[in-house]
Amino acid sequence: MKPTSIVFLVIAALLIVGGMITCSVAKDIALTDNYTLFHETEDGSTYIRYDFTAANINKIELLITDAEINIISGAEESFIEFINFREGLYTLSTSGKVISMDEIPDLKSIFSLQSGFSFSGMRYILRSGTLGLGEKKVNIHLTADAALKILSVEADSCVLKAENISQPFDIQITAEESAVIDAAELRTASALNIRAANADLKMQRCNFNNIELNASSAEISADHLYWEHLLMDIDSGNVQISSATALSADSMSVTGSGSFTLGSTEMDMPHRAEAAESFLNTVTASIGWADLRLDMPEEPIID
């Protein structure tokens with residue numbers, strides 16, 4: 001290596017060390033002077049709010065590592081809360097009628113000049129101490145007339161919670177590790193699409209037009225579930241669904257080496273219905289070694 005190159009490397013190293021020392025000293029001075037370097041709530045969690053009441057937003061895109069996502073209806077204003085995400089290591093932007101939150105840091109996101117949150121100083125990158133700050137959450141508050149049509153989530157793992165939601169929007173979740181859904185009275189009359197290595201779904205009185213689940217392992221417990229088309233592709237697990245409407249074996253096609261029970265009848269496998277697509281409340285499932293049980297009421301109970 002040329003002497004000039006060595007000199008530049010030494011200078012670069014000294015600048016990095018000097019910058020880190022400067023940030024550390026500045027932090028101590030700020031603490032001494034009772035100056036807040038980072039936005040914090042009263043409980044010590046970082047908190048960012050993004051209001052989109054007047055923006056007519058129809059799609060929310062979340063690209064995150066892991067977080068709990070809460071959908072909350074009945075709000076007077078439509079807004080998103082981002083809690084305990086590290087400042088300076090994500091971007092939040094709008095383009096047209098789409099809100100995008102990208103937690104994956106790269107040079108583009110750090111030095112972005114687009115609208116939203118971008119690089120705000122090296123103190124966010126070099127922040128030490130309790131880096132996680134606590135459980136990360138995304139709270140989506142929706143007014144009764146919110147224009148949202150699609151909620152798209154890409155994550156390593158995520159938990160989605162929703163209750164008493166009637167807005168018609170699609171929910172799309174892709175998780176490399178695990179996706180957990182805990183929902184009650186989620187009546188979007190739209191689509192639920194989940195792709196995950198491990199899926200854990202608990203649903204009560206939920207209503208969808210289309211449900212698509214693709215998972216290596218799935219644990220599903222659904223009570224009073226309504227659907228028009230249900231598509232499953234799983235390798236193992238346990239699926240127990242109580243339908244809100246009457247079901248017919250003629251509307252179902254189920255393949256795999258696991259077990260399939262419809263009501264009190266254990267069906268022969270594979271079960272293939274020739275005219276399944278002509279029915280409503282269809283089921284097309286490849287269940288691998290999973291156990292699938294579908295129950296139904298004597299009379300429809302969906303309202």
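Let me begin by describing the structure that accompanies this report. (Residues numbered from 1 in each chain as written. Predicted model: local features only at pLDDT ≥ 70, side-chain atom pairs only at ≥ 80, totals over all residues. Heavy atoms only, no water.)

Some details on the overall build of the protein
- When helices and strands are tallied, the protein shows three helices and 17 strands.
- Of all 303 residues assigned to the protein, the portion counted as buried reaches 42%.
- Put simply, of all contacts in the protein between residues at least 6 apart along the chain, 51% involve residues at least 24 apart.
- Surface summary for the protein: the accessible area is close to 16000 Å², and the carbon and sulfur share equals 53%. (Helix = DSSP H or I, 4+ residues; strand = E, 2+ residues; numbered from the N terminus. Buried < 20%, exposed > 50% of the residue type's maximum accessible area, 1.4 Å probe, protein only. Contact = heavy atoms within 4.5 Å. Areas by Shrake-Rupley, 256 points an atom, 1.4 Å probe, with all protein chains shown as cover.)

Concerning the nonpolar core
- In this structure, L62 and M203 are the most contacted members of the largest nonpolar core, which totals 70 residues.
- In this view, M203 contacts I181, A183, L192, F208, S221, A222, D223 and L225; residues no more than four positions away in its chain are not counted. (Core = buried A, V, L, I, M, F, W, Y, C linked by side-chain atoms within 4.5 Å.)

Points about the environment of D295
- Looking at the secondary structure, you find D295 in strand β17 (residues 291–295).
- In the structure, D295 is positioned 32 residues away from G263 in sequence and 4.6 Å away in space, judged by C-alpha atoms.
- Beyond its immediate stretch of four places on either side in the chain, D295 contacts I241, S242, S243, L247 and G263.

Some words on the side chain of S253
- Here S253 shows up in strand β13 (residues 252–255).
- Since its relative accessible area comes to 19%, S253 is described here as buried.
- Contact partners of S253, with chain neighbours within four places excluded, come to H271, R272, A273, V283, T284 and A285.

Digging into the pairing of strand β7 (residues 137–141)
- Most of β7 is tucked away: four of the five residues are buried.
- With five bridges connecting them, strand β3 (residues 66–72) and β7 associate as parallel partners. Paired with N70 across the two strands is N139, which belongs to β7.
- Relative to β7, strand β4 (residues 79–83) runs antiparallel, the two sharing five bridges. Within β7, the residue paired with I80 across the bridge is I140. (Pairing = 2+ DSSP bridges.)

Some points on the packing of aromatic side chains
- Scanning the model with the defined rule gives two aromatic pairs in all.
- Judged by centre distance (6.0 Å) and plane angle (80 degrees), the ring pair of F82 and F85 falls under edge-to-face.
- According to the relative accessible area criterion, F82 is buried, its value standing at 2%.
- With a centroid separation of 6.3 Å and an interplanar angle of 70 degrees, the aromatic rings of F85 and Y90 are classed as edge-to-face. By the burial criterion, F85 is buried, and Y90 matches it.
- We note R49 situated over the ring of F79; from NZ or CZ to the ring centre the distance is 3.7 Å. (Phe/Tyr/Trp six-rings, centres within 6.5 Å; stacked < 30°, edge-to-face > 60°. Lys NZ or Arg CZ within 6 Å of the ring centre and 35° of its normal.)

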